[in-house]
Amino acid sequence: MRLLTLFFATLLLSACVSPVVIDQQDSISPSQYQSYAFIEQEEDKPRALDDQRARKALESELASKGLKPVETDQADIQVRHFFKREQRYDGDVMQFGFGYGFNNVALGASTPVEGEMTEEYKLVVQFVDPASNNVVWQATSRDRLHDEMSSERRQAHINKAVKAMFERFD
């Protein structure tokens, strides 16, 4: 019974984990921003389709927060977004082995560790203060994009991540 209670408590706590991680400077208030402009970057070129999906989702969420797009030199805040690449190992980490030894002589064998590296991508959105060129707000999605995802699933995943980021933009 005790183990069952512990299991359900762990399940409940894991359900409360936010899908995004937010970091911001203490002195900023989202209400101080009225306009924005995107910062163009070269690092997203391999993820061009995902970049377009993220930009569309960001434009929608920024509009819902009352921010208007303007030219870069007139923006209250600059928006940068990119996909952070991470590698994950998928495979068996358990080995089985056996051996026999006698009189300082031994013989042993074990199974090989099999697996493969998978590349995943997390969406990162940053607000950069144009005056100081410092990041003042950053959101990182905990969920990851995989190359095997369909276009529709990728779009839904990005929309969900961006929506979760701006739910906590107060």
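Residues numbered from 1 in each chain as written. Predicted model: local features only at pLDDT ≥ 70, side-chain atom pairs only at ≥ 80, totals over all residues. Heavy atoms only, no water.

### Considerations on the environment of Val-124
In this structure, Val-124 sits in strand E7 (residues 115-129). Taking the relative accessible area as the measure of exposure, Val-124 reaches 3% and is therefore buried. Ignoring anything within four residues of it in the chain, the contact list for Val-124 reads Arg-80, His-81, Phe-82, Lys-84, Gln-138, Ala-139 and Thr-140. (Helix = DSSP H or I, 4+ residues; strand = E, 2+ residues; numbered from the N terminus. Buried < 20%, exposed > 50% of the residue type's maximum accessible area, 1.4 Å probe, protein only. Contact = heavy atoms within 4.5 Å.)

### Examining the nonpolar core
Phe-127, Trp-137 and Phe-166 are the most contacted members of the largest nonpolar core, which totals 29 residues. The biggest single contributor to this core is helix H3 (residues 151-167), with five residues. Residues contacting Phe-166, with those up to four places away along its chain left out, are Leu-58, Glu-61, Leu-62, Lys-65, Phe-127 and Trp-137. (Core = buried A, V, L, I, M, F, W, Y, C linked by side-chain atoms within 4.5 Å.)

### Remarks on the packing of helix H2 (residues 48-64) against H3
Packing of H2 against H3 brings their axes to within 9 Å, and their N-to-C directions diverge by 35°. Crossing angle aside, the handedness with which H2 passes H3 is right-handed. Contacts from Asp-50, Arg-53, Ala-54, Ala-57, Leu-58, Glu-61 and Leu-62 of H2 reach H3 at Ser-151, Arg-154, Gln-155, Ile-158, Asn-159, Val-162, Lys-163 and Phe-166. Of the residues that constitute the contact of H2 with H3, the class distribution is seven nonpolar, three polar and five charged. (Axes fitted to C-alpha atoms, helices over the stretch in contact; angles between N-to-C directions. Left-handed = near helix turned anticlockwise from the far one by under 90°. Nonpolar A, V, L, I, M, F, W, Y, C, P; charged D, E, K, R; others polar.)

### Structural notes on the confidence of the model for the protein chain
For the protein chain, the mean per-residue pLDDT works out to 80, and 74% of the residues sit at or above 70. Of all helices and strands in the protein chain, the one with the weakest mean pLDDT is helix H1 (residues 2-15) (49), whereas strand E3 (residues 68-69) scores best (95). Here residues 7-15 is modelled with pLDDT under 50, and outside its nearest four sequence neighbours on either side it reaches zero contacts, counting other chains as well. (pLDDT = per-residue confidence, 0-100.)

### So, the pairing of strand E2 (residues 35-38)
When a strand is regular, its side chains alternate between the sheet's two faces. A two-sided burial pattern is seen for E2, the buried positions comprising Ser-35 and Ala-37 on one face and Tyr-36 and Phe-38 on the other. With two bridges joining them, E2 and E3 adopt parallel strand pairing. From the neighbouring strand, Tyr-36 faces E3, where its bridge partner is Pro-69. (Pairing = 2+ DSSP bridges.)

### So, the side chain of Asp-50
Within the secondary structure layout, Asp-50 lies in helix H2. Polar side-chain contacts of Asp-50 include one of 2.7 Å to the side chain of Arg-53. At 2.5 Å, the side chain of Asp-50 forms a polar contact with the side chain of Arg-154. Those residues within four positions of Asp-50 in sequence are excluded, and the remaining contacts are Phe-83, Leu-145, Arg-154 and Ile-158. (Polar contact = N/O pair within 3.5 Å; in protein donor to acceptor, adjacent residues only side chain to side chain.)

### Quick notes on the pattern of salt bridges
For the structure shown, the criterion picks out seven salt bridges. The partner of Glu-119 in a salt bridge is Arg-85, and the shortest N-O contact between them spans 2.5 Å. Residue Glu-119 is located in strand E7, and its partner Arg-85 is located in strand E4 (residues 77-91); the two are separated by 34 residues in the primary sequence. Residue Glu-119 is classed as partly exposed on the basis of its relative accessible area of 29%. The residue Arg-144 makes a salt bridge to Glu-86 at a minimum N-O spacing of 3.2 Å. Of this pair, Arg-144 sits in the loop between strand E8 (134-141) and strand E9 (145-146) while Glu-86 sits in strand E4; the two residues are 58 residues apart in sequence, bridging distant segments of the chain. (Salt bridge = Lys/Arg side-chain N within 4 Å of Asp/Glu carboxyl O.)

### Quick word on the side chain of His-157
Relative to the elements of secondary structure, His-157 occurs in helix H3. Non-local contacts of His-157, meaning those with residues more than four positions away in its chain, are made with Asp-143, Arg-144, Leu-145 and Met-149.

### Here we look at the packing of aromatic side chains
The description of two aromatic rings rests on the distance between their centres and on the angle between their planes. Enumeration according to the criterion identifies four aromatic pairs in this entry. Ring geometry for Phe-127 versus Phe-166: centroids 6.1 Å apart, planes at 45°, classification tilted. Of the two residues, Phe-127 sits in strand E7 while Phe-166 sits in helix H3, which places them 39 residues apart along the sequence. Accessibility classification places Phe-127 together with Phe-166 in one group, the buried group. (Phe/Tyr/Trp six-rings, centres within 6.5 Å; stacked < 30°, edge-to-face > 60°.)

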